[in-house]
Amino acid sequence: MEPAAPPPPSPAAAAPGSAELVCAQGRNLKAVLCQRCGSRVLLPGAATFARRELLLPAMRKKAAAAAGGGGDVVREHWLVRDMFSFENVGFTRDVGNVKFLVCADCEAGPIGWHCLDDKDSFYVALERVAHE
């Protein structure tokens, strides 16, 4: 469905807004939190910065989502290689060969994406989460 993921960019290649979030090894410097409820999704150092263009459905309430609509193209992500690295995340039912990631506490999302063809890649969109 999606093209193969390119190798992770160097931390210096991170966009200006994300540079303060990425350490020299390319990992997240800060905890990753749900934007809505503040629940911790990832601990510092649990993910690697990655660039990959993905289409995520728009974040909105269930009633609005049922009405249909588009989504957002997101390009900057935290790449998690082990699903057990997450502190707090939920997965939607399969949508084709994709599962979307949501906050397990308040069900806000989707905050990320997981292709069932690649069991070891979980993408969390930087613009869909908060950092502390």
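Above this note sits the structure.
Remember, predicted model here, so these are calculated numbers, not experimental data.

Conventions and cut-offs
Residues numbered from 1 in each chain as written. Predicted model: local features only at pLDDT ≥ 70, side-chain atom pairs only at ≥ 80, totals over all residues. Heavy atoms only, no water. Phe/Tyr/Trp six-rings, centres within 6.5 Å; stacked < 30°, edge-to-face > 60°. Helix = DSSP H or I, 4+ residues; strand = E, 2+ residues; numbered from the N terminus. Buried < 20%, exposed > 50% of the residue type's maximum accessible area, 1.4 Å probe, protein only.

### A few points about the packing of aromatic side chains
Here comes step 1: Across all of its chains, the model carries 4 aromatic pairs by this definition.
Here comes step 2: Each ring, one from Phe-91 and one from Phe-122, has its centre 6.0 Å from the other, and the planes form 65 degrees; the classification is edge-to-face. Remark: Phe-122 occurs in strand β8 (residues 122-125) and Phe-91 occurs in strand β5 (residues 90-91); sequence separation between them is 31 residues.
Here comes step 3: Judged by its relative accessible area of 3%, Phe-122 is buried.
Here comes step 4: Here Trp-113 and Tyr-123 contribute two aromatic rings whose centre-to-centre distance is 6.1 Å and whose plane-to-plane angle is 55 degrees, an arrangement assigned as tilted. Placement of the pair is Trp-113 in strand β7 (residues 112-115) and Tyr-123 in strand β8, with a sequence separation of 10 residues. For the pair Trp-113 and Tyr-123, a shared accessibility class is recorded, and that class is buried.
Here comes step 5: Clustering of aromatic rings is evident, with ring pairs tying together Phe-86, Phe-91 and Phe-122.

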